[in-house]
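Fold and geometry: a report
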Protein chains: 4
Amino acid sequence: MTIPQETLDVLARQRIEVPSWAYGNSGTRFKVFGTPGTPRTVQEKLADAAQVHKYTGLAPDVALHIPWDKVDDYAELRRFAEDLGVGLGTINSNTFQDDVYKFGSLTHSDPAIRQKAVDHHLECIEIMGATGSRDLKIWLADGSNYPGQVSIRARQDWLHESLSKIYAQLGAEQRMVLEYKFFEPAFYHTDVPDWGTSYVQVAALGEKAMVCLDTGHHAPGTNIEFIVAQLLRLGKLGSFDFNSRFYADDDLIVGAADPFQLFRILFEVVVGGGLDEDSPVAFMLDQCHNVEDKVPGQIRSVLNVQEMTARALLVDRDELRTAQEGGDVLGANSILMDAFYTDVRPALAEWRESRGLPADPMRAFAESGYLARIAEERVGGSQSSWGA
Amino acid sequence: MTIPQETLDVLARQRIEVPSWAYGNSGTRFKVFGTPGTPRTVQEKLADAAQVHKYTGLAPDVALHIPWDKVDDYAELRRFAEDLGVGLGTINSNTFQDDVYKFGSLTHSDPAIRQKAVDHHLECIEIMGATGSRDLKIWLADGSNYPGQVSIRARQDWLHESLSKIYAQLGAEQRMVLEYKFFEPAFYHTDVPDWGTSYVQVAALGEKAMVCLDTGHHAPGTNIEFIVAQLLRLGKLGSFDFNSRFYADDDLIVGAADPFQLFRILFEVVVGGGLDEDSPVAFMLDQCHNVEDKVPGQIRSVLNVQEMTARALLVDRDELRTAQEGGDVLGANSILMDAFYTDVRPALAEWRESRGLPADPMRAFAESGYLARIAEERVGGSQSSWGA
Amino acid sequence: MTIPQETLDVLARQRIEVPSWAYGNSGTRFKVFGTPGTPRTVQEKLADAAQVHKYTGLAPDVALHIPWDKVDDYAELRRFAEDLGVGLGTINSNTFQDDVYKFGSLTHSDPAIRQKAVDHHLECIEIMGATGSRDLKIWLADGSNYPGQVSIRARQDWLHESLSKIYAQLGAEQRMVLEYKFFEPAFYHTDVPDWGTSYVQVAALGEKAMVCLDTGHHAPGTNIEFIVAQLLRLGKLGSFDFNSRFYADDDLIVGAADPFQLFRILFEVVVGGGLDEDSPVAFMLDQCHNVEDKVPGQIRSVLNVQEMTARALLVDRDELRTAQEGGDVLGANSILMDAFYTDVRPALAEWRESRGLPADPMRAFAESGYLARIAEERVGGSQSSWGA
Amino acid sequence: MTIPQETLDVLARQRIEVPSWAYGNSGTRFKVFGTPGTPRTVQEKLADAAQVHKYTGLAPDVALHIPWDKVDDYAELRRFAEDLGVGLGTINSNTFQDDVYKFGSLTHSDPAIRQKAVDHHLECIEIMGATGSRDLKIWLADGSNYPGQVSIRARQDWLHESLSKIYAQLGAEQRMVLEYKFFEPAFYHTDVPDWGTSYVQVAALGEKAMVCLDTGHHAPGTNIEFIVAQLLRLGKLGSFDFNSRFYADDDLIVGAADPFQLFRILFEVVVGGGLDEDSPVAFMLDQCHNVEDKVPGQIRSVLNVQEMTARALLVDRDELRTAQEGGDVLGANSILMDAFYTDVRPALAEWRESRGLPADPMRAFAESGYLARIAEERVGGSQSSWGA
């Protein structure tokens, strides 16, 4: 097959941000397994992230997590990243690891704790100035474990109040994206559990506030592409956190659990203009490589997004509209399936080579010996994980 | 225990609308079982519904379904109902049983079919004038079974366009409530699948359009009381369709599957002012008595709502706030649980008697011999069901 | 790509049974849509089913449903089918449409009703003699809607007793397969809700009793391929009912909702010997074409199974074992994904042609004009559906 | 109300084992919050556990987790516990925290790692001799995160082989209980995911091997009381791990999320003889008090089980059978609901006092000042958690 030029143009501008924390250790409440070579510093995380871009050309930006990636001099960190060929991307706030946040942060019943959480975000905005980041991503662990533990209703008002204070400090070119999540770490109620809540909260703030859709943060059976279509229609889809899941927020490699779902999501992105040149949608990974190697796990992930984007772009939308309007159920479905089942990998390999990239990034990276090298070099110190 | 006067005041004004179709036959795609005495006409449905009010004092209004309950003269039907001691309530539209709606109604890609569906709603509004109904309830079966079958995105726009035409015809005292549903009868995508969609659609129309929350229409694990709290906060909770479920939209008796969930829902109603005198929230049953007797099934249902309301009103909200703000997780939870575990039934029986109602409505109805009487009298004709 | 000879050998003996009821109308509790040309008789259903085999070479057997497909002379029906080029397959019993079965059939608390249900199965066994069918498939709608309605525990014993009576009448070459289902039409408890129950019931009977796995009958998130592997290991996987689902028992076209899941299921079939020459596993469709055309819906379905089988057979299992034993998570996964993403369709088209079949069965059938012909010819009479 | 003597007899012999690890810290992958006074040693855990028994009379045994509770001298630990008024109960093995178990333990493809895991269990059996424990509880984290990562099929055989080796070393009075879990920490496949798998594995071993049912380890919507009834019928319900959940394995306080479900479970226990004098069923808590106080959390939990047991015992089973056999759906259901809604707490308080226990154990414990005392005394050292 040949990939049409229009598709190649879209692919040429596709950027998938990678998260610095994907290179550190992660795990479950039962165990976090370490691996030789795991980064000890943010600089080592950036070095690993730069490998992903080097072999794929897809991941020019690295998202940071504050305070996990705190440094004294962000301008210097930015130069360090640029020397590696990558930029610093979205700033992720963190209000779930301080003891004071046990019962909430931006939604806490105590105004002093809410203010502390607001202040953390203001610090993040300051860092964004130094790193040149556009987006502040807010995901809240806020919620409760038992009915009656907190006031569901009051916390929505406190959330609005806290977000307003943060929003007020955003620069002209800066944005806030508010992520929703069905559950975890809270097991009864979560303060931002669904797209509806995220939407009404950001809509009340203004146009610089948008929704962040994490593909693993929905109730079982949720039609995610519907939400994508709806948020694009409302002009409020700010960013994606890509990953995949079989059960809960499993944070597996994007496309690993249900490749056809990823295809349908990306098709709605295409339909809704989310890959157009002026699209406000940021694409980002948010995954946990608990048992697999991290750098190749990230390479695999950005390739999955790219390959599935190519398939989604193959859909003949005129033909599709004709079948849809004619009530041709099987015909319309088969137009989608034909694109999905098309093996775009050989054509993408060729195109990659034409741009000076390896045909098979996974193999090229494996052959580079990078993992063995970092395993040897990175001895001592404390491996990065969610705690630091 | 003694029920506080304040609680009794709320109970005294509690009204739970019953649906005319609950008295006809219903079932699954596998089988609809008939029962002797099932109504053949809307008048017989009203007669059955009036029994519910007679024994409980809780159900003064009966919702109609158009065209199932179509008559030539609605003013006459209204008088007929009033003679039975009940009024005519919400008008439910139906756009899922005509062959032309196979691929959608208000969201259909064909403008002529959309207009036909709009016209059906305009007819409903006309009927509302004659019946004195305030609310037009719209639940759409619209959706698709296969990816690609229809344009998810375009249909949202068509939905807005159709709803706008209907909204424009609402009288000054009339309202529209838009019901959402997770899935069924569509098995891939549903056009109004969640509260977020219903909210954004009604918010775009104006203040006479509100959300209808059916307690059986959510994804597994959804925290429904959160949605109740959110919609009340947004001023957009127009009505409840009560029922309960273990799996999908099982349409079981409200409170039967998870009584504690019903308690939590009603507690958020209390917190959010949904039982205040000027509350815009309408309470209604929407159930299917597939295997149990229908009139006692309805009596059981309105009693369940009443009993659980009484429990929810027992919560000491001042004490609760203190425990919440003190981070006393177990204490706060136990305040809720104490109310839930309190047996309000004897006190409600006494109160009922003080108002000239039977202490035990279930028993009083059973002893009335009504079911035997209608089984004997209603011979011949065609028993009512979803088809008519 | 070239499909290896070993794979072609497996494909050459692949048989996927089609159900007679797929050609009649089906729908939801809300509406059953009719279509011009829908069969009015079992003979017309067989004629439609024969089209599937004619264009794909994959579906030489047609399953019957008793009493929907009752005739006076089954030997004559068998000859009728053979003249059409197909045989009569699995006999499906039906104990969910008689009024006496409202509260159960083989599990009913009344011994007389249990015996009536047993007798129905004995009649089915008699029919099997005349049709030459090997398998009696039992799916029970038995269950309850409300806690307390029936005795969960007693009904397991009654079920065992009833099944024993049926089992005792099986001929030497006949088998019984017991299907389980998570829920529907019962909404609280189901008497055979999971593979464990089906397994312990058939294990208590003997080696002619096996489990039937319907791919749409599991709780959300269930790993179906695990169950496939387990039942094959236990020697108790008797048959598949293929279809797909997004939510409940949606009965969509197999492979339509989650093609990768179908791939994983078929891969475990391959691993467990389920496609070996002497395999006891019967493959069958059980679907509802509510909104799409039925004959092409069935053609699409058997092709989906064939294509996915081809992909599953492509997995290099030696290489896979090496990666698995080396703890190479990404490597092992990519071996599976490579097979899944391989476009086998062109090679299958060629192979099909080499066997005198159309390269594109969907197009060939469409061009045959069959649907238009039956729409014209089949006028009057009563279209078949689940009721008859 | 008065609680019947028969019920009191059952309650008098009710024992609910508490887990040593409930008194240490626990949390999610995001954060483990510490609390002043958290035990640093197994002795301190036992001291806390003894409080639960002191105030409730319900929890005479404490389960241990090896290696978390490893000591040099188990006989001494046993005496230590006995001095506190409690005994040592079930021994829980742990094969999920060693690095070698990253890809499995009893199911690992490497025979040396399987043997290491077997050896750990043999060590547990040895400890059981010294502690006087009857039960070895095996819960395996074994599974995989990605399709293809491991051989689902081979691991079942390896599991059987490993369990056989352990089973062979059980003493005459010792038992093994095998716990199943839907998912977590593995996110694609789990080696013992459902009761069916646990059942077929223990059935293959012999009568000393039974199933452990953890109430939080099922797919959404699973009817747990059905599984209870089935396992009791099969004589294979060895023990319960009690807790509750809204979403996944939330490990909340038993009865907190769905009290009616707990009622239904205990009713099936009653029906199936699980509370009879010679019942083989062990009752145990397995919870995580992430945000609430741990000792009162445990007191609340055992009281919840007791109160719900009392309600389940109130059901008039003769009356129920009559209603069931008469097809009286609403009547049968209401017999269950009447028992559920009966407020047994005052009668239980009285009965407790009659046995020299505090009427209100929660208040009595709170007033004892125990939490403040341990917060003051237990300074320094390392607080216990899942890591130790």
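Just so it is clear, the model here is predicted, and its values are computed rather than measured. (Residues numbered from 1 in each chain as written. Chains lettered and ligands numbered in written order. Predicted model: local features only at pLDDT ≥ 70, side-chain atom pairs only at ≥ 80, totals over all residues. Heavy atoms only, no water.)

A word on the overall build of chain A. Helix and strand counts for chain A come out as 14 helices and 10 strands. Computed over its C-alpha atoms, the radius of gyration of chain A comes to 21 Å, within 12% of the 21 Å expected for a compact globule of 388 residues. With the C-alpha coordinates aligned to their principal axes, the bounding extent of chain A is approximately 60 × 55 × 40 Å. Counting only residues that meet the buried cut, chain A has 69% of its 388 residues in that class. (Helix = DSSP H or I, 4+ residues; strand = E, 2+ residues; numbered from the N terminus. Rg over C-alpha atoms; globule rule 2.2 N^0.38 Å. Buried < 20%, exposed > 50% of the residue type's maximum accessible area, 1.4 Å probe, protein only.)

Here we take up the confidence of the model for chain A. Averaged over every residue, the pLDDT of chain A is 97; the share at 70 or more is 99%. For this predicted complex, the interface score ipTM comes out at 0.97, alongside a pTM of 0.98. (pLDDT = per-residue confidence, 0-100.)

Now for the packing of helix 8 (residues 259-271) of chain B against helix 9 (residues 294-314) of chain B. Residue and element names in this part refer to chain B. Direction vectors running N to C along helix 8 and helix 9 enclose 60 degrees, while the axes themselves pass 8 Å from each other. In terms of axis orientation, helix 8 runs oblique to helix 9. As helix 8 packs across helix 9, the resulting crossing turns out to be right-handed. Contact residues: Pro259, Leu262, Phe263, Leu266, Phe267 and Val270 in helix 8; Asn304, Val305, Met308, Thr309, Arg311, Ala312 and Leu313 in helix 9. Of the residues contributing to the contact of helix 8 with helix 9, the split by class is 10 nonpolar, 2 polar and 1 charged. (Axes fitted to C-alpha atoms, helices over the stretch in contact; angles between N-to-C directions. Parallel < 35°, antiparallel > 145°, perpendicular 65-115°, else oblique. Left-handed = near helix turned anticlockwise from the far one by under 90°. Contact = heavy atoms within 4.5 Å. Nonpolar A, V, L, I, M, F, W, Y, C, P; charged D, E, K, R; others polar.)

In this assembly, 51 residues from chain B lie in contact with 51 residues from chain A. Across the chain B/chain A interface, buried area totals approximately 4000 Å², and carbon plus sulfur atoms make up 63% of it. Between chain B and chain A we count 2 salt bridges in total. Two residues, arginine 233 of chain B and aspartate 157 of chain A, come together in a salt bridge whose shortest N-O distance is 2.7 Å. Broken down by class, the residue content of the side of chain B that touches chain A amounts to 23 nonpolar, 19 polar and 9 charged. (Buried area = accessible area lost by both parts, 1.4 Å probe. Salt bridge = Lys/Arg side-chain N within 4 Å of Asp/Glu carboxyl O.)

With that settled, consider the interface of chain D and chain A. Contacts between the two partners involve 40 residues from chain D, matched on the other side by 40 residues from chain A. In total, chain D and chain A occlude about 4000 Å² of area from one another, counting both sides; carbon and sulfur atoms represent 63% of this. The largest contributions to the chain D side of the interface with chain A come from Arg29, Phe30 and Tyr247 of chain D, which together make up 22% of the buried area. On inspection of chain D and its partner chain A, the count reaches 8 salt bridges.

Bringing the sheet that holds strand 4 (residues 135-138) of chain C into the picture now. Residue and element names in this part refer to chain C. A sheet is described by the order of its strands in space; here 8 strands give the open sequence 1-2-3-4-6-8-9-10, paired in parallel fashion. Of all the strands in the sheet, just strand 1 (18-19) and strand 10 (282-285) have a single pairing partner and so form its edges. Pairing between strand 6 (residues 175-179) and strand 8 (residues 209-214): 4 bridges, direction parallel. Within strand 8, the position partnered with glutamate 179 by the bridge is cysteine 212. On top of the sheet, helix 2 (residues 42-56) reaches strand 1, strand 2 (61-65) and strand 3 (87-92); it is set at about 150 degrees to strand 2, its chief contact. (Pairing = 2+ DSSP bridges.)

Attention now goes to the packing of aromatic side chains. Per the stated rule, a full pass over the model turns up 93 aromatic pairs over all chains. Summarising the aromatic geometry, the rings of phenylalanine 240 of chain B and phenylalanine 283 of chain B are spaced 5.5 Å apart at their centres and angled 20 degrees between planes, so their arrangement reads as stacked. Of this pair, phenylalanine 240 of chain B sits in strand 9 (residues 237-242) while phenylalanine 283 of chain B sits in strand 10 (residues 282-285); the two residues are 43 residues apart in sequence, bridging distant segments of the chain. Relative accessible area serves as the criterion here: at 8%, phenylalanine 283 of chain B is assigned to the buried category. Among the aromatic residues, those joined into a cluster by ring pairs are Phe260, Phe263, Phe340 and Tyr341 of chain A together with Phe260, Phe263, Phe340 and Tyr341 of chain C. Positioned over the ring face of phenylalanine 260 of chain C is arginine 264 of chain C, at 4.8 Å from the centre of the ring. In this structure, arginine 311 of chain C packs its charged tip against the face of tyrosine 341 of chain A, placed 4.4 Å from the ring centre. (Phe/Tyr/Trp six-rings, centres within 6.5 Å; stacked < 30°, edge-to-face > 60°. Lys NZ or Arg CZ within 6 Å of the ring centre and 35° of its normal.)

For the rest of this paragraph, the subject is the sheet that holds strand 3 (residues 87-92) of chain B. Residues and elements named next belong to chain B. Overall, parallel pairing links the 8 strands, which are arranged 1-2-3-4-6-8-9-10 in an open sheet. Of all strands in the sheet, those bounded by a partner on one side alone are strand 1 (18-19) and strand 10. Against the sheet, helix 2 (residues 42-56) touches strand 1, strand 2 (61-65) and strand 3, its axis set at about 150 degrees to strand 2. Across the sheet, helix 6 (residues 195-203) lies against strand 6 (175-179) and strand 8 (209-214), angled at about 165 degrees from strand 8, the strand it touches most.

You can overlay chain D on chain A at an RMSD of 0.0 Å; the transform is a turn of 180 degrees with a shift of 0.0 Å along its axis. The two molecules are tied by a two-fold rotation axis, judged by turn and shift. Closest approach to the rotation axis within chain D is made by the C-alpha atom of arginine 29 of chain D, at a distance of 2.3 Å. Interface overlap between copies: 100% of the residues of chain D at the interface are likewise at the interface in chain A, consistent with a symmetric, same-surface contact. (Least-squares fit on C-alpha atoms with pLDDT ≥ 70 in both.)

Residues and elements named next belong to chain D. Among the secondary structure elements, histidine 289 is positioned in the loop between strand 10 (282-285) and helix 9 (294-314). Only 2.8 Å separates the side chain of histidine 289 from the side chain of glutamate 292, close enough to count as a polar contact. Reaching out from histidine 289, the side chain makes a polar contact with the side chain of glutamine 298 at a distance of 2.8 Å. When residues no more than four places from it in sequence are discounted, the contact partners of histidine 289 are Ala22, Ser26, Ile253, Lys294, Gly297, Gln298 and Ser301. (Polar contact = N/O pair within 3.5 Å; in protein donor to acceptor, adjacent residues only side chain to side chain.)

Of the transformation superimposing chain B on chain A, the axial component is 0.0 Å and the angular component is 180 degrees, with the fit at an RMSD of 0.0 Å. A shared interface surface links the copies, since 100% of the contact residues of chain B are contact residues in chain A too.

Take the packing of helix 4 (residues 111-131) of chain C against helix 5 (residues 152-167) of chain C next. All names here are of chain C. Helix 5 packs onto helix 4 with a crossing angle of 30 degrees between their chain directions and a minimal axis gap of 9 Å. Judged by the angle between their axes, helix 4 and helix 5 are roughly parallel. When you trace helix 4 past helix 5, the crossing you get is right-handed. Facing Arg114, Gln115, Val118, His121, Leu122 and Ile125 of helix 4, the residues of helix 5 in contact are Trp158, Glu161, Ser162, Lys165 and Ile166.

A grouping of Glu6, Asp9, Asp276, Glu277 and Asp278 of chain A is seen on the molecular surface, where their side chains present a negatively charged patch. Checked against the element boundaries, aspartate 9 of chain A lands in helix 1 (residues 5-13). (Patch = residues over 30% accessible without salt bridge, like charges linked within 9 Å, V, L, I, M, F, W, Y side chains within 5 Å. Areas by Shrake-Rupley, 256 points an atom, 1.4 Å probe, with all protein chains shown as cover. Lys, Arg positive; Asp, Glu negative; His and termini not counted. Charge placed at Lys NZ, Arg CZ, Asp CG, Glu CD.)

Take helix 1 (residues 5-13) of chain B next. Residue and element names in this part refer to chain B. Where helix 1 is concerned, the buried positions are Thr7, Leu8, Val10 and Leu11. Each buried residue of helix 1 lies within a common arc of 160 degrees when the element is viewed along its axis, so the set occupies one face. Residues of helix 1 that are exposed and angled more than 90 degrees away from the buried face: Gln5 and Glu6. Residues of helix 1 that are buried make contact with helix 9 and helix 12 (345-354). (Arc of directions from axis to C-beta.)

Next up on the list: the pairing of strand 9 of chain B. All names here are of chain B. When you tally the buried positions in strand 9, you get 6 out of 6 residues, the bulk of the element. The pairing of strand 8 with strand 9 spans 4 bridges and is parallel. Bridge assignment links cysteine 212 to a residue of strand 9, and that residue is serine 239. This β-α-β element, strand 8 to helix 7 (residues 224-233) to strand 9, shows right-handed connectivity. Both strand 9 and strand 10 contribute to a ladder of 4 bridges, which runs parallel. Residue aspartate 241 lies in a different strand from strand 10, and its bridge partner there is methionine 284. Between the parallel pair strand 9 and strand 10, the chain is carried across by helix 8, and the sense of this crossover is right-handed. (Right-handed = clockwise from strand over helix to strand, strands pointing away.)

Another point: the state of the cysteines. In total, this model carries 0 disulfides over all chains according to the counting rule given. Cysteine 288 of chain C carries a free sulfur, and the closest cysteine sulfur to it, the one in cysteine 212 of chain C, is 15 Å from it. (Disulfide = S-S within 2.5 Å.)

All right, on to helix 13 (residues 361-368) of chain D then. Residues and elements named next belong to chain D. When we look at burial in helix 13, the residues that qualify are Pro361, Ala364 and Phe365. Down the axis of helix 13, the buried side of the element spans an arc of 95 degrees, and every buried residue falls inside it. For helix 13, exposure combined with an orientation more than 90 degrees from the buried face picks out Arg363, Ala366 and Glu367. Elements that come into contact with the buried residues of helix 13 comprise helix 2 (42-56), helix 9, helix 12 (345-354) and helix 14 (370-377).

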